[in-house]
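A look at the structure
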Amino acid sequence: MTTEKFEYDAAVGGTVDLPDSIQTYKYVGERVTEIKSLLNSIQNPNQTKLVFQTLPRHMRRRAMSHCPKRLPRKYRQAHMSQMRKSGVPANAKRPSRKYRRKPNNLLKEYIRRQRKNMWMETHIWHAKRFHMIDRWGYRLPQSSCDKTFRSSFRATAKHCLVQDMSHTGCIELVASVETISNGFQKLTSSRCNRGVAAKMYLNGKRHGSMNLFKIDSYPMGALGNVTFVWKPVENVTNIDNDDRRTIWIFVHASFYRDVANEIITVFDLEDAEKVATKPLNEIKLRQNVSIRRNETLNMEMKELKDQLNYFRLTGPLSQAVLSNAFKCKTNCPSPDDSRTWLDHFLLTEMGALAHNSQSNYWSNIKTVNSPSELCPNMVLALNIEDPRINRPKKRTQAFPSDEPPTTPKFNDSTLEIPEFNAVSQIWDMQGRNAVSESKISTHELCTQRNKNALVPGERCAFEDTLQAVPVLLMQRPGSSDSKFSRLGYGCGWDVVVPAGYGISTWMCLIMWGARAGGLRESETVCRESGFDEFEPDTLTGMRNSEEKHQELREKYFKLPQNKRPNYNKLSINSPFKCLWSQLVNDWKNNNTNADGGFYVLRDPAHLQLIQKSLDSGNTTGLTDLPTNCLVPITVTMDSRGTLTNNSLICLPKPSDLKRDIRKKSNFDKEPVYEEPLKVDPNENERKTLRSNHLKLLKRLRRRRVRVKRRKQETSDRRVIIAKPGTAKLIREQLDKMRELWLPENPTSVRNQCSREVLGFVTFSNFSFIEAKVTGTGYIALNSLPKLLKSCGKVKGNVRVMVRSTNSRQYRLAKVKVKV
């Protein structure tokens, strides 16, 4: 019997009826669930938290709640599951800026970006690692983003430096030897180099170089130095009588168009057709081949610009790099249904004979320590395997092989050039295009490797079926005169590769230990070798000089007046440009101001005569030389001191030489002489002109203000007056001030300072070979007699005084004539 009892329950807001008894099994069942939950909470205290909240405090990050990648890997899946259950969608990964900016069709975008400046096939590789500049219609690598100045020199001296010189254009001429020789006699002279039809070049075993000039303009109107190579003939005994011979002329991009126009004019060539080339799946946009003909001379000209890849390897280990990178293709032609153009050539008697001869010679010279040990200027053609299958897994330094040569008779006769050395399908445009178009992509190559390779990373049978690649190698012997540079410095190989195989060959050379270089490294090699890449009388030299002059002049006048060096006080008439023509005129015997032009002396006989005169102190024979020429020289500082571009080369006085001897005996390293500061004759005029100009501008401004106020008095609208209109006035004032700071046409170059000026240094820097500051420059030929008289008739005592344009200190330097 139960009694009715009411209890108050705040949860329901009133009284509830409680039973007097309960059922035991129901009560125990409810409590079991609570006990399990309690035990679970005690054993796993962090289960009620989110996954990223269970981490120790030092590992927690605010961004973990929306960035699963910030959690440890084992917690990421649970975290993303919790975020989905909570109703908050997981944020999709925001694409990086690289992919947001990536166009839909990357190849078309690359082609569009080449409208102004062409790209080489290795452009993308260089653009990620080099400072790129626009030069000669190309986008070229200037210098590495890393500090590689010294390491690049070490590569040229002891290892291997590789440069992509594909901006070098190729011109192919097909005609008789007599026709080509007669035409080039108008463009060059036998006094400065061997003719294009010299016997040592006609057989195609050696490549040559020559200086080209405008038609019948020698020694004036220089264009530049070009490299040429003749295509070999099958009948060696009938070289001179062959009606149709082919010659390739490699021209630097800076004067390619000038040379091509001169050749078209001298041979009277007319437009024939343009052969369209198929676009490759590469960065490089291939141009159509322009063909010109002369039916009367039975001559044809093809402009192969941008149709070939041209790599330059410099250094003693360039032979080892090429030996490892270029493996000759074994003679295993494909089946009849899949033979390539090159397979058909290798099946012919001449093709098989040439390939075997070239392969044997290439395997025999792999033990050579340096290319300078081989025959100078030799040409060698090879049919190599695809460079992508001979690339090491990681970057490896290549060294000469220690294996004995395969031919026992091959002893030290490495100067012998093999027979059929340059017979190759690379000379045939149809064969080159077939090789380029039938190249399989890297993606397809990797796919086939994965399918056919039994052991990952090892050679498979599929790689043996890849087509061979024809290449042409041209050896460079390097320095042969120890007076100017270390013997053999600058030796190496020039490699010509068909289009489409540029980046494949480049990557193979890099992986075998070659160090990449840019345009800066070309200047370094030229300076260390004592050569000037762009001589001042060439078209390229004049253009570069004028561009540099304008650039430095604008930079100079952007500086405030108290930060500008006052070159009038330093006795420098032209700090940013070498006034060669005026220098030659100042040193003429008749002292006339007529501008007869100038040119660089290139006759080896005359240069040797000048060097003998400097060594002996005798001026005999110098009077018979022309009077309006410049002599190329190299300048080496005696001890301390530095040089800059456009530095002055001055005539020392006997008192300067005596003072130098006295300082050396006292171990005094101070400069020999210091230019006294001159009084600037234009300083007062500049101040007066500036003051009057400011007064004029203020007067004009006050006049405009008066006009505006007068109109405002009678107008109820906003008054707008005309613009000042002082732009022309300010421009004229600027030109006058600039002329007073740096006169464009100085009265004299020879007597601009207290020591007579003989010439200028075109470019200079510290030489790692000489361990001193050296420079390449030119001096007026008429100044040599006075220089020899001033230095005395003592052998080896010829010195000149050099001074930088931003300094007043003169220092003595040695002079050598570059023959």
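Residues numbered from 1 in each chain as written. Predicted model: local features only at pLDDT ≥ 70, side-chain atom pairs only at ≥ 80, totals over all residues. Heavy atoms only, no water.

A look at the pairing of strand β4 (residues 138–144)
With respect to burial, β4 is a largely interior element, five of its seven residues being buried. As defined by bridge partners, strand β3 (residues 130–135) adjoins β4 across six bridges and the pair is classed as antiparallel. Across the sheet, the residue bridging to Met132 is Pro141, located in β4. If you look at the hairpin formed by β3 and β4, you'll find two residues sitting between the two strands, and Trp136 has a positive phi there, around 60 degrees. (Buried < 20%, exposed > 50% of the residue type's maximum accessible area, 1.4 Å probe, protein only. Helix = DSSP H or I, 4+ residues; strand = E, 2+ residues; numbered from the N terminus. Pairing = 2+ DSSP bridges.)

A short note on the sheet that holds strand β14 (residues 379–384)
Spatial ordering of the open sheet is given by β14-β15-β16-β13-β5-β17, a layout of six strands whose pairing is mixed. Looking at which strands have only one partner, the edges of the open sheet turn out to be β14 and β17 (515–516). As paired elements, strand β15 (residues 469–476) and strand β16 (residues 492–498) share five bridges and run antiparallel to each other. Residue pairing in the sheet places Met474 in a bridge with Asp494 of β16.

Notes on a nonpolar patch on the surface
A cluster of nonpolar side chains, Ile22, Tyr27, Val28 and Val32, forms an exposed patch at the surface whose accessible area comes to about 370 Å². Relative to the assigned elements, Val28 resides in helix α1 (residues 24–43). (Patch = residues over 30% accessible without salt bridge, like charges linked within 9 Å, V, L, I, M, F, W, Y side chains within 5 Å. Areas by Shrake-Rupley, 256 points an atom, 1.4 Å probe, with all protein chains shown as cover. Salt bridge = Lys/Arg side-chain N within 4 Å of Asp/Glu carboxyl O.)

Focus: a positive patch on the surface
On the surface, Arg150, Arg154, Lys158, Arg395, Arg486 and Arg515 cluster together into a patch of positive charge. Structurally, Arg150 can be placed in helix α6 (residues 149–157). Residue classification places Arg150 among the exposed residues on the basis of a relative accessible area of 54%. (Lys, Arg positive; Asp, Glu negative; His and termini not counted. Charge placed at Lys NZ, Arg CZ, Asp CG, Glu CD.)

So, helix α12 (residues 349–364)
Across its 16 residues, α12 extends 23 Å between first and last C-alpha, which sits within 8% of the 22 Å expected from 1.5 Å per residue. Taken together, the buried positions of α12 are occupied by Met350, Gly351, Ala354, His355, Gln358, Ser359, Tyr361, Trp362, Ser363 and Asn364. (Expected span 1.5 Å × (residues − 1).)

Quick look at the nonpolar core
Counting residues in each nonpolar core, the largest one holds 61 residues, and the members touching the most others are Ile610, Val631, Ile649 and Leu784. Ranked by the residues each element gives to this core, the list is headed by strand β19 (residues 629–637), at six residues. Sequence-distant contacts of Leu784, defined by excluding residues within four places in its chain, comprise Ile610, Leu614, Leu622, Val631 and Ile779. Counting 42 residues, the second largest nonpolar core, distinct from the first, contains Ile365, Met378, Ile384 and Leu473. (Core = buried A, V, L, I, M, F, W, Y, C linked by side-chain atoms within 4.5 Å. Contact = heavy atoms within 4.5 Å.)

Remarks on the pattern of salt bridges
Per the stated rule, a full pass over the model turns up 35 salt bridges. One salt bridge in this structure joins Arg312 and Asp494, with 3.1 Å as the shortest N-O distance. Note that Arg312 is positioned in strand β13 (residues 308–314) and Asp494 in strand β16, a separation of 182 residues in sequence. A relative accessible area of 24% places Arg312 in the partly exposed class. For the salt bridge of Lys687 with Glu683, the shortest nitrogen-to-oxygen distance reads 3.8 Å. A residue pair is termed a helical-turn pair when its members lie 3 or 4 positions apart in one helix, as Lys687 and Glu683 do in helix α22 (residues 683–714) at four residues. Here Glu683 falls in the partly exposed class, since its relative accessible area comes to 27%. Within the structure, one salt-bridge network assembled from shared partners comprises Glu385, Arg449, Arg459, Glu463 and Asp464.

Details of the packing of α6 against helix α17 (residues 519–529)
Where α6 contacts α17, the axes come no closer than 11 Å and their chain directions differ by 55 degrees. Considering the angle they form, α6 stands oblique to α17. Between α6 and α17 the crossing geometry is right-handed. On α17, the residues that touch Phe149, Ser152, Phe153 and Thr156 of α6 are Arg520, Glu521, Thr524, Val525, Arg527 and Glu528. (Axes fitted to C-alpha atoms, helices over the stretch in contact; angles between N-to-C directions. Parallel < 35°, antiparallel > 145°, perpendicular 65-115°, else oblique. Left-handed = near helix turned anticlockwise from the far one by under 90°.)

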